[in-house]
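# An overview of the molecular structure
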Amino acid sequence: MLFNSAEFIFLFLPLSLLLFFSLAKRHGNEIALAGLVGCSLLFYGWWNPSYLVILIISMLFNYGLGRSLGKSNNKKLLTLGVSLNLTSIVYYKYAGFLVLNINTATGNNWDIGTIILPLAISFFTFQQIAYLVDSYKGITKEYNFLHYALFVSFFPQLIAGPIVHHKDMLPQFSSTRRYQANLNNFKIGLTIFAIGLFKKTVLADGIAPYANPVFNLADAGNEIDFFMAWGGALAYTFQLYFDFSGYSDMAIGIARLFGIILPLNFYSPYKSTNISEFWRRWHITLSHFLRDYVYIALGGNRKGKFKRYNNLFITMVLGGLWHGAGWNFIIWGALHGSYLMIHLTWQATKHNITVVFFNTKYYQFLAWLLTFILVIIGWVFFRSVTLEGAFNILSGMAGLNGIEIPNALLARLGSLGHSLQSLGITPSNGGKVFIMTWLWNITLLVFVVTLPNIQDLFAHKQGTLSKYSYSETNTFWPTLRLYNGLTWTDCRRWAFFSGACLALGILTLSQVSEFLYFQF
Amino acid sequence: MKYILNYFISFACILGVIATFNWFVDPFGMHWSPKLSNINALKPEAGTRTRITKAYQANIIAPDVLIVGNSRVEMGLSPSSPLFNNKTVYNQGMPGAHLVMQIDYAINTIKTTPNIKEVLVGIDFVDFLITHNQANEPIEILDRAIKKSYNFRLESYDNDNKYAAALRLKEKMALVFSLDALSASLKTLTQQKSLSSGIDELGFNSALSYLSIMKTEGIKPLFTQKLQAIADRLKNPLYIISLNKPSISARLIHLKSLIEETKKRNIKVTLFINPYHFSYLHVLAEYNQWQNFITWKKDLTSFVNKLNSTEDSLENGLELTLWDFSGFNTMTNEAVLLETPKKTMHWFWEPAHYRKALGNKMLESMLNEDKSNHRGFGKILLPKNIQLSILEDNEGLKKSKDNWLNLKERLALSTID
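Keep in mind that what you see is a predicted model, and the values were worked out from it rather than measured.

### Some words on the overall build of chain A
Secondary structure assignment for chain A yields 23 helices and two strands. Based on the C-alpha atoms only, the size of chain A along its principal axes is roughly 80 × 65 × 55 Å. In chain A, once contacts between residues fewer than 6 apart in sequence are set aside, the share between residues at least 24 apart is 75%. When the accessible surface of chain A is totalled, it reaches about 22,500 Å², and 64% of it is carbon and sulfur. Charge-centre separation for chain A: the mean point of 35 positive side chains lies 12 Å from the mean point of 20 negative side chains.

Set out below in structure tokens:
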């Protein structure tokens, strides 16, 4: 069941809310939480009921192990638990990739058949690994199974995050105050949900038709010209952001209807003026997980500069691999690891020199532009199915495949059109697609660098567990002064605006859509 | 509570306003709400949903004559032509639709519309081509995949789908309650005075976009793009004979089902092979499809003859006619005047699509009751004249070769062999 489906919005969500609050009223919090676990399992099983077995076994195993670790502090047990979790994820997610590479390297022809990847396995496995590690460290308290099951399976965040941490979620489930429908939570939840739905269905799905065909062409081995390559890469850059951040907003909004506050997952990442800042703002909950359970576990920055860079690089490669079994994801991770290393070096160098230019708006703009371009290059690897496809797009972006402008446009440009052709620009087909691609890209570029985000608007109402609000650190935000201080208020204007977002989102329900992050 | 009330009021109002607006503009030509000139009379977006609207609209129009085929038919044969003598005609031609789909839609319309007296079926050689893999597949398997996408839409085909009625309702609602429809409505409003193709109530495509392209880009890109597209389509080996059923093209079996359905209802059927510009036929020849083309015509002729020879046909006197407009003649050999690139051709838009003027010539021939002394455009293919017709086609191909080479050179079609 998708968040942007009629059955979810008009049936599942209202019935779940009704069940949860009526159970809480009549039978108390624990029964209400049990009802919510039931709803979450139904939500998960909707795609494929057989997935449920894996999820339930995983929850039972990790809960039992977590309890034992809390009591015994046994490192071998922890190693066993983490290994088994990783084994399951390796089997389901990476076995095919591993066998393929072994076959390529050795010339063997091993076949392990088709393994269907259980939905959201990366999300719920990592949440539970964190739980095991913290149980071992004695950081977690002892929780009952019902609360634990809800922490793992809570449907708003189960499929595509935010990746929640037990210390953030379990105290909220253990509240002794009777759950009851809270008007304020409903106002905030409905508004955030509507904005998220709009971002996903109107913006992400709206620009998707201008990204997918370009990558499909490149993956099929076709040469992609300059404008098509940039148009497609930019379109995917925006599609991914609005898709994933829209989903996260919807998750935050839905959870809020139940009175649960989720962590922030996106904070205007495309406003970042350096790559470290980008990772502080993009898929924040994954970045935190990688920092706390991979980077720090590897030694973090405690063992010198070289080791620090090394740890950073390994963490990012693993982060790439988390997204999928493929060399393109590994390259994407390695690329970001390299970006981060270069940025750290630059920061250290910059610290030692004083140049007035660094404090100017021009520098800030150039830093943003460079960061944005590097992120786009990364997304080319992330989106392409084949390595050849990625290089086809990148060579197009570098202008190596020539520059084409639609004939319909060149013909209308008159003498300028002739001049452009004499400069080597060649006429092509598809004028309408060309214009729509760039109209969408320019519009969404303006959106991402000028508008405030959900966190800015709802920070004063604790929209998420984060404290960010109109942050100016390492930010390129040319219109900041225009919006600074704009927050959501309980007024007619906001009600109309968010109602409109919901209506526009609902109007896309008959169109085909899929969340990109479901595949991870 | 006031906030939530306002939230849902805003939600409902916007939904209602957009749906009403979409219903009024009716960008896809589904509801045919009142037409106002310069507001919603021209429907440039209708072409994007013909596979949906034409499934339902044919029943609403309840025509006396049904025209079946692909985009050539949709743009070439006008239901409003006076040659139809005030009969109600619906053009169910659908761009890019598979032959199986064209026929299933026609059968559905015949089954659900009582008035139909005559069916004109435009058939195209390329619709009968199949790949090597397809040639080895049983026809039922091939067709099942195609039919799955639209069976729910056709009342007489929806037996296996218990949700068909709901799906039809959902589909119709989506043409009003959707952001796509809103976007199409806005485009419709802004393109009323533009040279955009629109579909009218009777299913005819005005093809005015060609005029717009001619005006800005000229005729050259129209020819180069279309000929290149045909070449791309033909570059992989294609066959017309089903390996499972030697001597019968798999697609002919499907055509037969339409003819059987019309026989049951005493509906007159005319099959016709669409005209092609000579350049189109030369691309077929250059991609080794000329012999297949000839074989296909022979197959069709014997297929029609066989159907006409059945007891049933002889008894009820309903003779099936096969017209061939695809040969070489003054119209299909029309010169492409690249020196005056913004001047439209008289008979063709581009190599694959003929204009209404040529469509009217075809109608003159097909609708004329007295076929014994036919001297006009096209010819009726019969076993007794098929060999002669093939000789003429071969001769036409030879004679027009120089013109083709000249045209090819001027169009700089280097990628076509």
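### Points about the overall build of chain B
Within chain B, the secondary structure is distributed over 17 helices and eight strands. Relative to its length of 417 residues, chain B is compact, with a C-alpha radius of gyration of 23 Å against a globular reference of 22 Å. Overall size of chain B, expressed as C-alpha extent along the three principal axes, is 80 × 55 × 45 Å. A burial count over chain B gives 54% of its 417 residues as buried. Here the analysis covers contacts within chain B between residues at least 6 apart in sequence; of these, 78% occur between residues at least 24 apart. Total accessible area computed for chain B in this model is approximately 18,400 Å², and 55% of it derives from carbon and sulfur atoms. Of the side-chain charges in chain B, 49 are positive and 41 negative, and the distance between the mean point of each set is 4 Å.

### Focus: the pairing of strand β5 (residues 321-324) of chain B
Every regular strand shows the same layout, with side chains that alternate between the two sheet faces. Residue and element names in this part refer to chain B. Covered by surrounding structure in β5 are T321 and W323 together with L322 and D324, the residues of both alternating faces. Across four bridges, the pairing between strand β4 (residues 268-273) and β5 is parallel. Looking at β5, one finds that L271 is bridged to L322. Bridge count for β5 against strand β8 (residues 379-380) is two bridges, and the pairing is antiparallel. By the bridge assignment for β8, W323 is matched with I380.

### Points about a nonpolar patch on the surface
Residues I353, V355, F357, Y362, F365, L366 and L369 of chain A make up a contiguous nonpolar surface patch of about 630 Å² in total accessible area. Judged by its relative accessible area of 35%, F365 of chain A is partly exposed.

### A look at the sheet that holds strand β1 (residues 65-68) of chain B
All names here are of chain B. Spatial ordering of the open sheet is given by β2-β1-β3-β4-β5-β8, a layout of six strands whose pairing is mixed. Edge positions in the open sheet fall to β2 (89-91) and β8, since each of these has one partner strand only. As paired strands, strand β3 (residues 118-123) and β4 are joined by six bridges and run parallel to one another. Among the inter-strand pairings, E118 is bridged to a residue of β4, identified as K268. Sheet strands touched by helix α4 (residues 99-112): β1 and β3. Its angle to β1, the strand with the most contacts, is close to 170°.

### A short note on the pattern of salt bridges
One pass over the full model with this rule turns up 23 salt bridges over all chains. Across the pair R281 of chain A and E277 of chain A runs a salt bridge whose closest N-O atoms are separated by 2.8 Å. Highlighted residues: R281 of chain A and E277 of chain A, both in helix α12 (residues 275-281), separated by four residues, approximately one helical turn. E277 of chain A matches R281 of chain A in its accessibility class, with the two residues each being buried. A salt bridge links D124 of chain B to R72 of chain B; the shortest N-O distance between them is 2.5 Å. Within this pair, whereas D124 of chain B is found in the loop between β3 and α5 (132-135), its partner R72 of chain B is found in helix α3 (residues 71-76), the two being separated by 52 residues in sequence. You'll find D124 of chain B and R72 of chain B in the same group, each marked buried. Salt bridges here are not isolated pairs; linked through shared partners, they connect K200, D205 and D243 of chain A.

### Description of the side chain of T237 of chain A
The residue T237 of chain A is located in helix α11 (residues 226-257) in this model. T237 of chain A has contacts with Y270, F372, I376 and W379 of chain A, leaving out every residue within four places of it along the chain.

### Description of helix α6 (residues 145-153) of chain A
All names here are of chain A. Counting buried positions over the nine residues of α6 gives seven, a clear majority of the element. When we look at burial in α6, the residues that qualify are H147, Y148, A149, L150, F151, V152 and S153. Lining the buried residues of α6 we find α2 (29-45), α3 (49-72), α5 (121-137), α7 (155-158) and α8 (166-173). Sitting at the amino-terminal end of α6 is N144, which places a side-chain oxygen 3.0 Å from the backbone nitrogen of L146.

### Structural notes on the packing of aromatic side chains
Residues and elements named next belong to chain B. Scanning all chains against the criterion turns up 80 aromatic pairs over all chains. With a centroid separation of 6.3 Å and an interplanar angle of 65°, the aromatic rings of F272 and F325 are classed as edge-to-face. Of this pair, F272 sits in strand β4 while F325 is found in the loop between β5 and β6 (348-350), placing the two residues 53 residues apart along the sequence. Directly above the aromatic system of W32 lies the positively charged group of K43, at a separation of 5.2 Å from the ring centroid. Sitting over the ring of F28, R49 keeps its end group 4.4 Å from the ring centre.

### Quick word on the state of the cysteines
All names here are of chain A. As enumerated under the stated definition, the model contains zero disulfides over all chains in all. Here C491 stays unpaired: no disulfide links it, and the sulfur of C501, its closest cysteine neighbor, is 14 Å away. We classify C501 as buried; its relative accessible area is 5%.

### Some thoughts on the packing of helix α9 (residues 183-207) of chain A against helix α23 (residues 492-506) of chain A
Residue and element names in this part refer to chain A. At a minimum axis distance of 8 Å, the contact between α9 and α23 shows a crossing angle of 40°. One element, α9, and the other, α23, form an angle in the oblique class. As for the relative orientation of α9 and α23, their crossing is left-handed in sense. Along its contact with α9, which presents T191, F193, A194, I195, L197, F198, T201 and V202, the element α23 presents W494, F497, S498, C501, L502, L504, G505 and I506. A breakdown of the residues in the contact of α9 with α23 according to their chemical character gives twelve nonpolar, four polar and no charged.

### Here we look at unusual backbone geometry
With phi around 45°, D26 of chain B is a residue other than glycine that occupies positive phi space. Relative to the helices and strands, D26 of chain B resides in the loop between α1 (2-25) and α2 (50-61).

### Here we look at the interface of chain A and chain B
With 32 residues of chain A at the interface, the matching set in chain B holds 23 residues. Across the chain A/chain B interface, buried area totals approximately 2,400 Å², and carbon plus sulfur atoms make up 69% of it. For chain A, the biggest contributors to the area lost against chain B are L190, L507 and S510 of chain A; these three give 22% of the whole. Counting across the chain A and chain B interface gives zero salt bridges.

### Things to note about the confidence of the model for chain B
Summary statistics for chain B give a mean pLDDT of 87 and a share of 94% for residues scoring 70 or more. Confidence estimates for the predicted assembly give a pTM of 0.85 and an ipTM of 0.88.

### Topic: the environment of F348 of chain B
All names here are of chain B. Tracing the backbone shows F348 in strand β6. The sequence separation of F348 and M331 amounts to 17 residues, and the corresponding C-alpha distance is 8.6 Å. Dropping the residues within four chain positions of it, F348 is found in contact with P275, Y276, H277, M331, T332, E334, H353, Y354, R355 and L358.

### A closer look at the environment of L23 of chain A
Residues and elements named next belong to chain A. Checked against the element boundaries, L23 lands in helix α1 (residues 6-27). Along the sequence, L23 and L36 sit 13 residues apart, while their C-alpha atoms lie 9.6 Å from each other. Aside from chain neighbours lying at most four places away, what touches L23 is G28, I31, A32 and G35.

Rules used throughout
- Within any chain, residue numbers begin from 1 and follow the written order of that chain's sequence.
- Written order determines the labels here, with chains lettered from A and ligands numbered from 1.
- Per-residue local features of the predicted model are confined to residues with pLDDT of at least 70, and side-chain atom pairs are confined, for both listing and counting, to 80 or more; whole-chain, interface and lining totals are unaffected and use all residues.
- Based on all heavy atoms of the structure, the side-chain values leave hydrogens and waters out of the count.
- Helix and strand assignments follow DSSP, with helices taken as H or I runs no shorter than four residues and strands as E runs no shorter than two, numbered in order from the N terminus.
- Whether two residues are in contact is decided by their heavy atoms: any pair within 4.5 Å suffices.
- Accessible surface is estimated by sampling points in the Shrake-Rupley manner with a 1.4 Å probe; for residues, cover comes only from the protein chains shown.
- Working convention for charge: Lys and Arg count positive, Asp and Glu count negative, and His plus the chain ends are omitted.
- One atom stands in for each charge, and that atom is NZ of Lys, CZ of Arg, CG of Asp or CD of Glu.
- Computation of the radius of gyration draws on C-alpha atoms alone. For the globule rule, the value is 2.2 Å times the number of residues to the power 0.38.
- A simple rule labels every residue: compare its accessible area, found with a 1.4 Å probe on the protein chains alone, to the largest value its type can have, and call it buried under 20%, exposed over 50%, or partly exposed in between.
- By this definition, two strands are paired if DSSP reports at least two bridges between them.
- Patch membership needs two things, relative accessible area over 30% and no salt bridge, and members are linked within 9 Å if like-charged or within 5 Å if nonpolar (Val, Leu, Ile, Met, Phe, Trp, Tyr).
- Salt bridge, as used here, is a side-chain nitrogen of Lys or Arg placed within 4 Å of a carboxyl oxygen of Asp or Glu.
- Here, axes are lines fitted to C-alpha atoms. For helices the fit covers the stretch in contact, and angles between N-to-C directions go from 0 to 180 degrees.
- In protein, a polar contact means a hydrogen-donor-capable atom and an acceptor-capable atom, both N or O and within 3.5 Å, with residues adjacent in sequence counting only if both atoms are side-chain atoms; elsewhere, any N or O pair within 3.5 Å suffices.
- Stacked, tilted and edge-to-face are the three classes applied to pairs of Phe, Tyr and Trp rings, where Trp contributes its six-membered ring and a pair requires centres within 6.5 Å; stacked means planes under 30 degrees apart, edge-to-face means over 60, and tilted covers the rest.
- A ring has a charge above it when a Lys NZ or an Arg CZ is no more than 6 Å from the ring centre and no more than 35 degrees off the ring normal.
- Cysteine sulfur atoms are paired as a disulfide whenever they come within 2.5 Å of each other.
- Should an angle fall under 35 degrees it is called roughly parallel, over 145 degrees roughly antiparallel, and 65 to 115 degrees roughly perpendicular, with every other angle called oblique.
- Working rule for handedness: look at the near helix, and if it is turned counterclockwise from the far one by less than a right angle, call the crossing left-handed; if clockwise, right-handed.
- Put simply, Ala, Val, Leu, Ile, Met, Phe, Trp, Tyr, Cys and Pro go in the nonpolar bin, Asp, Glu, Lys and Arg in the charged bin, and everything else, Gly too, in the polar bin.
- Note: buried area is the sum, over both parts, of the accessible area (probe 1.4 Å) each one loses when the two are combined.
- Within a predicted model, pLDDT stands for the predictor's per-residue confidence, ranging from 0 to 100.

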